[in-house]
Amino acid sequence: MYSLNVSVPGDISRLAETLRPDLFGFDAIRERHTLVGKRLGDSPPGGVSRLREQLRTALAGTPAFEVRVSGFDYFERPARGDGPVVYLTVESPGLLELHEQLSAEFSVAKGIEGEDYVPHITLARGGSIEKARELADREIEPITWSVSKLVLWDANYDESVSEFSLPR
């Protein structure tokens with residue numbers, strides 16, 4: 001399974017680490033924090049090299065964009081896996097445009113992409129809905145960064161297989 005991900009800054013990892021005690025009691029706490037721009041499915045005919053070329057073509061001319069993490073929210077009943085899912089909220093018109101652009105080129109994962117796409121950074125899943133609500137009510141100092149690089153991620157091997165630079 002492949003996805004095109006936005007690299008997240010160290011500030012996000014540091015924030016997540018400070019929240020670790022508050023996530024106690026959830027079934028799974030994320031160790032690696034990612035921001036999925038678009039799920040791409042399994043390897044197409046021609047393998048990852050073909051997928052790389054498809055992405056290179058689809059991303060041609062896509063400019064760098066801003067991303068802002070401004071708070072918490074949760075999916076009570078996520079489309080996939082156990083709920084609730086507690087996450088950092090992501091605001092980014094540029095990321096939404098990128099997702100829409102790539103959704104025209106690649107298949108859309110039903111229930112989590114296309115019109116259902118909610119950009120987010122997962123912190124934890126499973127456990128108490130009350131605890132998820134408590135976290136969603138907390139405030140944080142917003143974190144903003146410029147995205148000038150996207151990563152093609154191979155979930156089967158848990159590794160990056162390619163990077164794409166976006167012009168500033």
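Residues numbered from 1 in each chain as written. Predicted model: local features only at pLDDT ≥ 70, side-chain atom pairs only at ≥ 80, totals over all residues. Heavy atoms only, no water.

A closer look at the sheet that holds strand E6 (residues 120-125)
Point 1. Spatially, E2-E6-E5-E4-E7 is the arrangement adopted by the 5 strands of the open sheet, whose pairing is antiparallel. At either margin of the open sheet sits one strand with a lone partner, and together these are strand E2 (28-29) and strand E7 (139-147).
Point 2. Note that strand E4 (residues 65-75) and E7 share 6 bridges and pair antiparallel. Paired with Phe65 across the bridge in E7 is Val147.
Point 3. Strands E4 and strand E5 (85-91) of the sheet are contacted by helix H4 (residues 129-136), whose axis makes an angle of about 140° with E4. (Pairing = 2+ DSSP bridges. Helix = DSSP H or I, 4+ residues; strand = E, 2+ residues; numbered from the N terminus. Contact = heavy atoms within 4.5 Å. Axes fitted to C-alpha atoms, helices over the stretch in contact; angles between N-to-C directions.)

Focus: H4
Point 1. Restricting attention to buried positions, one finds in H4 the residues Ile129, Ala132 and Leu135. Around the axis of H4, the buried residues are gathered within 120° of arc, so they sit on the same side.
Point 2. Where H4 is buried, its residues meet E4 and E5. (Buried < 20%, exposed > 50% of the residue type's maximum accessible area, 1.4 Å probe, protein only. Arc of directions from axis to C-beta.)

Quick look at the pattern of salt bridges
Point 1. If you walk through the whole model with that rule in mind, you get 10 salt bridges.
Point 2. Here Arg20 and Glu31 are joined by a salt bridge, their closest N and O atoms 2.9 Å apart. Pair noted here: Arg20 is in the loop between helix H1 (10-19) and E2 and Glu31 is in the loop between E2 and strand E3 (35-41), with a separation of 11 residues, a long-range link.
Point 3. According to the relative accessible area criterion, Arg20 is partly exposed, its value standing at 27%.
Point 4. As a salt-bridge pair, Lys38 and Glu113 come within 2.7 Å of each other at their nearest N and O atoms. Taken as a pair, Lys38 in strand E3 and Glu113 in the loop between helix H3 (93-105) and E6 lie far apart in primary sequence, 75 residues in all.
Point 5. Owing to a relative accessible area of 2%, Glu113 belongs among the buried residues under this scheme.
Point 6. Counted as one network, the salt bridges with shared partners bring together Glu17, Arg20 and Glu31. (Salt bridge = Lys/Arg side-chain N within 4 Å of Asp/Glu carboxyl O.)

Details of the nonpolar core
Point 1. Of all hydrophobic cores here, the largest spans 42 residues; its most connected members are Leu55, Phe65, Leu88, Trp145 and Leu150.
Point 2. With 5 residues, E4 is the largest single contributor of residues to this core.
Point 3. Excluding residues that lie within four positions of it along the chain, Leu55 makes contacts with Leu4, Leu40, Leu102, Phe106, Leu152 and Phe164. (Core = buried A, V, L, I, M, F, W, Y, C linked by side-chain atoms within 4.5 Å.)

Regarding the pairing of E6
A regular strand places its side chains on the two faces of the sheet in alternate fashion.
Point 1. For E6, a buried count of 5 out of 6 residues is recorded, marking the element as mostly surrounded by other parts of the structure.
Point 2. With 2 bridges joining them, E2 and E6 adopt antiparallel strand pairing. Paired with Ala28 across the bridge in E6 is Arg125.
Point 3. In the sheet, E5 pairs with E6 via 5 bridges, with the strands oriented antiparallel. Residue Val86 lies in a different strand from E6, and its bridge partner there is Ala124.

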